[in-house]
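Working through the structure, step by step
Now for the letters of each chain:
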Amino acid sequence: MFSWAPIIRCKVTLHVSLGARLRQIDEAMTVLYDSPIFGPIHSRRLGVSLGINLLPHDGKCCTFDCIYCECGFNHDFVAHDRMPSRQQVSDALRQQLQKMQQEGPQPDVLTFAGNGEPTMHPHFPEIVDDVIALRNEYFPKAKVSVLSNATQILRQPVFEALKKVDNNILKLDTVSNAYIHRLDRPVSSSYDVEKLVAKMAEFDGHCIVQTMFLNGEFEGKDISNVADEYINPWLEALTTIQPEEVMVYTIDRETPAHHLQKATHEQLDAIARRVEALGIKCQVSY
Ligand code: SF4
């Protein structure tokens, strides 16, 4: 009974709203989500998840431009509409939670995700407070999760807001600045992964590190990050951060960059064993 109505767009032409059925429309299929609320959907990692999308419905806004992003490359899907206001988010969420209370399903989690980076919203901290209050009112057992690329955690109000949510899920695909600029492609020249790792450690364990592993090539160069060259310094960063959990995963849908390949089960399992050897819980999504 999941209603999932993403907008599926191809790079060149169209824009259709479908149910859960995804289809290849063109060489670069991407998914945009309704705003400010989408779903519920069944998430591989989170269970029955009601999505909260603080970005515009008609495009993508992100401080990264990952070559594997299911929303496509930033320049192909520029948003023209505004981000929803704090009031719009609150009203739409209340309406959806009332509906789910009457008709089900019961959400396991309310997840900030969608068409880009949720912490870019200028009222992200206040909206976190609203969402927690609504969760307490309608589904007190549900968790509140934020899927973030961590680029905004140096902003203290964002940092403080993330401390309040149940699942503070922060992307850290590597600690190699050179590799990050090939894979995640931060849009700001001031991006500094070392500062971010140090700030993640200040959560005192209240964060979940999420890392994408993949194989293949991009622009003629190997893009794989499953070798020791990447894993060893990443494990050192985990030792510094001491997250409550690590989620390792791989690509699951069409990606805007071609020639990317999934990390294999064996590669992901071997990485997870090394994380667990540090005494950190590790969840794998294949
Ligand atoms: S951080 Fe997430 S939303 Fe942003 S480009 Fe990367 S995958 Fe896409």
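Residues numbered from 1 in each chain as written. Predicted model: local features only at pLDDT ≥ 70, side-chain atom pairs only at ≥ 80, totals over all residues.

Topic: unusual backbone geometry
How we decide: Counting from the N terminus, the helices are DSSP H or I runs at least four residues long and the strands are E runs at least two residues long. The exposure label follows from counting other C-beta atoms within 10 Å of a residue's C-beta, where the C-beta atoms are placed from the backbone and the thresholds are 20 or more for buried and 12 or fewer for exposed, leaving partly exposed in between.
Cis rather than trans, the peptide bond between S35 and P36 has omega equal to 5°. Positionally, P36 belongs in the loop between strand 3 (29-32) and strand 4 (37-43). Along the chain, G104 connects to P105 via a cis peptide bond; the corresponding omega equals -5°. One can find P105 in the loop between helix 1 (86-103) and strand 6 (109-112). The phi angle at A150 is positive, at roughly 75°, despite the residue not being glycine. Assignment of secondary structure puts A150 in the loop between strand 7 (143-148) and helix 3 (156-164). A tally of 25 C-beta atoms within 10 Å means that A150 is categorised as buried. Even without being glycine, D204 reaches a positive phi, approximately 55°. Summarising the element assignment, D204 is placed in the loop between helix 5 (193-201) and strand 9 (208-212). Classification of D204 as exposed rests on a count of 10 C-beta atoms within 10 Å.

Remarks on helix 5
Selection rule: The arc in question is formed by the directions pointing from the helix axis toward the C-beta atoms. Distance between backbone-placed C-beta atoms decides contact: two residues are in contact if it is within 7 Å.
Where helix 5 is concerned, the buried positions are V193, L196, V197 and M200. Across the axial projection of helix 5, the buried residues extend over an arc of 100°, all falling on one side. With respect to the buried face of helix 5, the exposed residues turned more than 90 degrees away are E194 and K195. On the buried face of helix 5, the contacting elements are strand 8 (167-171), helix 4 (177-183) and helix 6 (228-241).

Points about the site of the ligand
Convention followed: For each residue, a C-beta position is placed from the backbone atoms; the residue is near a molecule or strand when that point lies within 6 Å of it. The classification used treats Ala, Val, Leu, Ile, Met, Phe, Trp, Tyr, Cys and Pro as nonpolar, Asp, Glu, Lys and Arg as charged, and all other residues, Gly among them, as polar.
As a matter of local geometry, the ligand sits amid C62, F64, D65, C66, C69, C71, G116, E117, N149 and K171. Across the shell around the ligand, the residue classes tally to 5 nonpolar, 2 polar and 3 charged.

Brief notes about the packing of helix 1 against helix 2 (residues 124-138)
Inclusion rule: An axis is simply a line fitted to the C-alpha atoms; with a helix, the fit covers only the stretch in contact. Between two such axes, the angle follows the N-to-C directions and lies from 0 to 180 degrees. Note that the term roughly parallel is reserved for angles under 35 degrees, roughly antiparallel for angles over 145, roughly perpendicular for angles of 65 to 115, and oblique for everything else. For any pair of crossing helices, the crossing counts as left-handed if the nearer helix is rotated counterclockwise from the farther one by less than a right angle, and right-handed if it is rotated clockwise.
Interhelical geometry of helix 1 versus helix 2 gives an angle of 20° and a closest axis separation of 10 Å. Relative to helix 2, the element helix 1 is oriented roughly parallel. Here helix 1 runs over helix 2; the crossing is right-handed. Contact residues: helix 1 offers R86, V89, S90, L93, R94, L97 and Q101, while helix 2 offers E126, I127, D130, V131, L134 and Y138.

Quick word on the confidence of the model for the chain
Our working definition: pLDDT runs from 0 to 100 and stands for how confident the predictor is about each residue.
For the chain, per-residue confidence averages 90 on the pLDDT scale, and 88% of positions sit at 70 or higher. Taken as a whole, residues 1-5 scores under 50 in pLDDT and shows 14 contacts with residues more than four places along the chain or in a different chain. This model gives residues 9-27 a pLDDT under 50, and the stretch forms 28 contacts once residues within four places in sequence are excluded.

A word on the pairing of strand 8
Condition: Pairing between strands is defined by DSSP: at least two bridges between them are needed.
Counting buried positions along strand 8 yields 4 of 5 residues, so the element is predominantly enclosed. Sheet topology note: the strand 7/strand 8 ladder contains 4 bridges and is parallel. Bridge pairing in strand 8 places L147 opposite I169.

Describing the sheet that holds strand 11 (residues 221-222)
The sheet built from 3 strands is open, its strands ordered 11-10-13 with antiparallel pairing. The two strands at the open ends of the sheet, each matched to only one other strand, are strand 11 and strand 13 (260-262). One ladder, built from 2 bridges, connects strand 10 (residues 214-218) with strand 11; its direction is antiparallel. Its bridge partner being in strand 11, F218 is matched across the sheet by K221.

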